[in-house]
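One letter stands for each residue in the lines below.
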Amino acid sequence: MKISLVINGKDHEIDIDPGQYLLEVLRDLGYKSVRRSCNSASCGSCTVLLNGAPVLSCSTFAVSVDGQSIETVEGLSEGDRLHPIQEAILEEGGAQCGYCIPGIVLTGEALIRENPEPSDEDIRLALNGNLCRCTGYEPQNRAIKKAAELLRSDRDD
Ligand code: FES
Ligand code: FES
């Protein structure tokens, strides 16, 4: 069957099997930042934004999002320039193996869009479903806060 998706602002007409999950469809299209880990809605590594809100693509049927807008990490950076959250994660030592990072970046981005001045608690709550085996979470929490500050100061300039 055919569905259409807007992925990172680009229109796609895609032939899918009715039972395919969004994760598989996105990876087949080349969006390899979308990571499969638990494949059972438990770890957050497959997070993408659906109409701006984080969803787990491993447990979202592609057919259920026909006609809607998806964002992946590939759509966040401009050319070689990293997104401020990616930059801040590197600066804070929040990326070790890196497997969880795309999901964390997208969850952080959705939080900052909705709440440009998140508290530590807001950040912890937002990232609560994004598991990281390597870092102990604090560097990533600091990075989201730092990126939010930077984006606020850019906006105020
Ligand atoms: S791979 Fe989707 S939540 Fe773990
Ligand atoms: S950096 Fe390795 S799982 Fe998060």
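**Some words on the overall build of the protein chain**
Right, so step 1: Counting secondary structure elements, the protein chain contains 5 helices and 5 strands.
Right, so step 2: In sequence order, the protein chain lays out its α and β elements as β-β-α-β-β-β-α-α-α-α.
Right, so step 3: Rg of the C-alpha trace for the protein chain: 15 Å, near the compact-globule value of 15 Å for 157 residues, within the 12% margin.
Right, so step 4: Seen along its three principal axes, the alpha-carbon backbone of the protein chain occupies a region of about 45 × 35 × 25 Å.
Right, so step 5: The contacts in the protein chain between residues at least 6 apart in sequence include a share of 61% that link residues at least 24 apart.

**Quick look at the environment of Leu56**
Right, so step 1: Structurally, Leu56 is set in strand 4 (residues 53-56).
Right, so step 2: For the pair Leu56 and Ser40, spaced 16 residues apart in the sequence, the C-alpha separation amounts to 9.2 Å.
Right, so step 3: The contacts of Leu56, once residues within four sequence positions are left out, are Ala41, Gly44, Cys46 and Thr47.

**Structural notes on the domain arrangement of the protein chain**
Right, so step 1: Taken as a whole, the protein chain is organised into domain 1 (2-75) and domain 2 (84-156).
Right, so step 2: The interface is formed by 16 residues belonging to domain 1 together with 12 residues belonging to domain 2.
Right, so step 3: Mapped onto the side of domain 1 that touches domain 2, the elements with two or more residues apiece are strand 3 (47-50) and strand 4.
Right, so step 4: Examining the composition of the side of domain 1 that touches domain 2, we find that 3 residues originate from one element, strand 3, more than from any other.
Right, so step 5: Here the side of domain 1 that touches domain 2 is built from residues that sort into 8 nonpolar, 6 polar and 2 charged.

**What to know about the sheet that holds strand 3**
Right, so step 1: Read from one edge to the other, the open sheet built from 5 strands follows the order 2-1-5-3-4, with strand pairing classed as mixed. Each edge of the open sheet carries a strand with a single partner, namely strand 2 (10-15) and strand 4. Neighbour-to-neighbour, the strand axes of the sheet open up by a mean angle of 40°, direction not taken into account.
Right, so step 2: Pairing geometry for strand 1 (residues 2-7) and strand 2, over 6 bridges, is antiparallel.

About the thresholds
Residues numbered from 1 in each chain as written. Chains lettered and ligands numbered in written order. Predicted model: local features only at pLDDT ≥ 70, side-chain atom pairs only at ≥ 80, totals over all residues. Helix = DSSP H or I, 4+ residues; strand = E, 2+ residues; numbered from the N terminus. Rg over C-alpha atoms; globule rule 2.2 N^0.38 Å. Contact = placed C-beta atoms within 7 Å. Domains from an automatic or database assignment. Nonpolar A, V, L, I, M, F, W, Y, C, P; charged D, E, K, R; others polar. Pairing = 2+ DSSP bridges. Axes fitted to C-alpha atoms, helices over the stretch in contact; angles between N-to-C directions.

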